[in-house]
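Structural overview for review
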Amino acid sequence: MNNFTFHNPTKLVFGKDSILELPKLLPSDAKILLTFGGGSVKRNGVYEAVISQLSGFQTVEFWGIEPNPKVETLRKAIALGKQEGVTFVLAVGGGSVLDASKLIVNAIPSERDAWDLVLHGADRSVQTLPLGTVLTIPATGSEMNRGAVISSEATHEKFGFYNEYPLFSILDPSYTYSLPDYQIACGIADSFIHVIEQYLTRAGESPLMDRWAEGILLTLIEEADKIKAQPADYDARATFMLSATMALNGFISMGVTQDWATHRIGHEITALTGLTHGHTLVIVLPALLREQAGKGKHAKLLQYASRIWGLTEGSEDERITQAIDKTEAFFRSLGLETRLAERGFGDDLREEIVRRFRERGTLLGEDQDIDHEAVAHILARC
Ligand code: NZQ
Ligand code: ZN
């Protein structure tokens, strides 16, 4: 097991009508910047539920944070926050609104440009504003981690930004009923692959982390079926929502080696095509596993084959091949295409991604053995 420090200060407030806790979670003298996406919260009643808890608080609203939030949009929110002298930010929406708000809370007190913060790291010379969140889509884990992913319209780039954890996050599974099937599918896939990025690396580092990770993977597979069969099943939604949080809040990464190559390649696909985050991952992961199967992941792939897919017969290579096929079939059962060509993407996209990794000299994966040429092989299999 590797050395580690674990510290996750986010207060998780979970369950039906948990929004009623909101007034108690906010400083009474706060001037609050409310951040929103494109309007789903107006249609499903979440906006009303939030506003009804804010009487007596001073609030300012910022609307229009898009999926894969763009720094160009966020500069407007930051300017509004500075102008109004807000002291607290409350993000209401999905991972995109939450991620955007993690940048906004650091940029409001800072003199630095928001994209500079993304490229060169958070401004530690200022006091980041406190952030609370009301989550409406289980997927990213952003509600209980310190990461954010921000895009630039100008350069068609998408990069991670790391700063503070949210102070609190309110998760009401009933808010997810209004999600389109496609977003549910992408959320399940994203959560599943967050676990894979932390689990499917080296064998034997932590039996405890392995069991927790496997527990989340098996739960997601089970709940996916239940949600499909019975969309209004509250307990299935709740279990999915908690699984998504637990998949990326640090609880399954203690002392283990992580990968994240699938995410890095997926971010380039989104940056260049706009394809939804979770969908890019289901295209990249099976190809990456096939490409890497004979390398460092071999032992862990066998464990994954046995414990997740019950594959214990046949040669080692056969079991691994079947496990990857079953993984891809699971993604397809969610209704997601798993090949670039099925989305109409061809050579141009692949060449541009490889060019970017070559230019940046990027090395990916837990063994840092995926260079731009390996990325080309992976994309060819996509
Ligand atoms: O904008 P609105 O109108 O609210 O609509 C959103 C959006 O169109 C809609 N939606 C959200 N909740 C809804 C709803 N529609 C109906 N009912 C609801 N309850 O869903 C669409 C997608 O929302 P978005 O926030 O983009 O989805 P998600 O939560 O999947 O976030 C994706 C972003 O998070 C980043 C991704 O790269 C992407 O930019 N990630 C963040 C991570 C993190 N912070 O740790 C890790 C992840 O790997 C990921 O990279
Ligand atoms: Zn993800």
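Under an unreviewed UniProt entry, the name given to the protein is Putative alcohol dehydrogenase 3, and the organism recorded is Porphyromonas somerae. Of the comments in the UniProt record for the protein, the one headed Sequence similarities (unreviewed entry) reads "Belongs to the iron-containing alcohol dehydrogenase family."

Assigned secondary structure in the protein consists of 15 helices and eight strands. Taking 2.2 N^0.38 as the reference for a compact globule, 382 residues should give roughly 21 Å; the C-alpha atoms of the protein span a radius of gyration of 21 Å, in line with that estimate. Seen through its principal axes, the protein has C-alpha atoms that stretch 65 × 45 × 45 Å. Scored against the burial criterion, the 382 residues of the protein give a buried share of 57%.

A separate point is the coordination of the zinc ion (ligand 2). Protein-derived coordination of the zinc ion (ligand 2) comes from Asp190 (OD), His194 (NE2), His263 (NE2) and His277 (NE2), at a distance range of 2.0 to 2.1 Å. Mapped onto the polypeptide sequence, the residues donating to the zinc ion (ligand 2) form the spacing pattern D-x3-H-x68-H-x13-H. Residue His263 is found in helix H10 (residues 261-273), and its partner His277 is found in helix H11 (residues 277-292); the two are separated by 14 residues along the sequence. The residues His263 and His277 share a single accessibility class, namely buried.

The subject of this paragraph is the packing of aromatic side chains. According to the stated counting rule, one finds eleven aromatic pairs in the structure shown. Seen from their ring centres, Phe36 and Trp63 are 4.0 Å apart, and the 15° between their planes marks the pair as stacked. Placement of the pair is Phe36 in strand E2 (residues 31-36) and Trp63 in the loop between strand E3 (58-62) and helix H4 (71-84), with a sequence separation of 27 residues. Through pairs of rings, three or more aromatic residues link up here, namely Phe192, Trp309, Phe330 and Phe331. In this arrangement the basic side chain of Lys16 is found over the ring face of Tyr234, its NZ or CZ atom lying 4.3 Å from the centre. Against the face of Tyr47 rests Lys42, its NZ or CZ located 4.7 Å from the ring centre.

What counts, and where the lines are drawn
- Residues numbered from 1 in each chain as written.
- Chains lettered and ligands numbered in written order.
- Predicted model: local features only at pLDDT ≥ 70, side-chain atom pairs only at ≥ 80, totals over all residues.
- Heavy atoms only, no water.
- UniProt positions renumbered as here; feature names shortened; annotations may be inferred.
- Helix = DSSP H or I, 4+ residues; strand = E, 2+ residues; numbered from the N terminus.
- Rg over C-alpha atoms; globule rule 2.2 N^0.38 Å.
- Buried < 20%, exposed > 50% of the residue type's maximum accessible area, 1.4 Å probe, protein only.
- Donors = N, O, S within 2.8 Å, 3.2 Å for Na, K, Ca; no water.
- Phe/Tyr/Trp six-rings, centres within 6.5 Å; stacked < 30°, edge-to-face > 60°.
- Lys NZ or Arg CZ within 6 Å of the ring centre and 35° of its normal.

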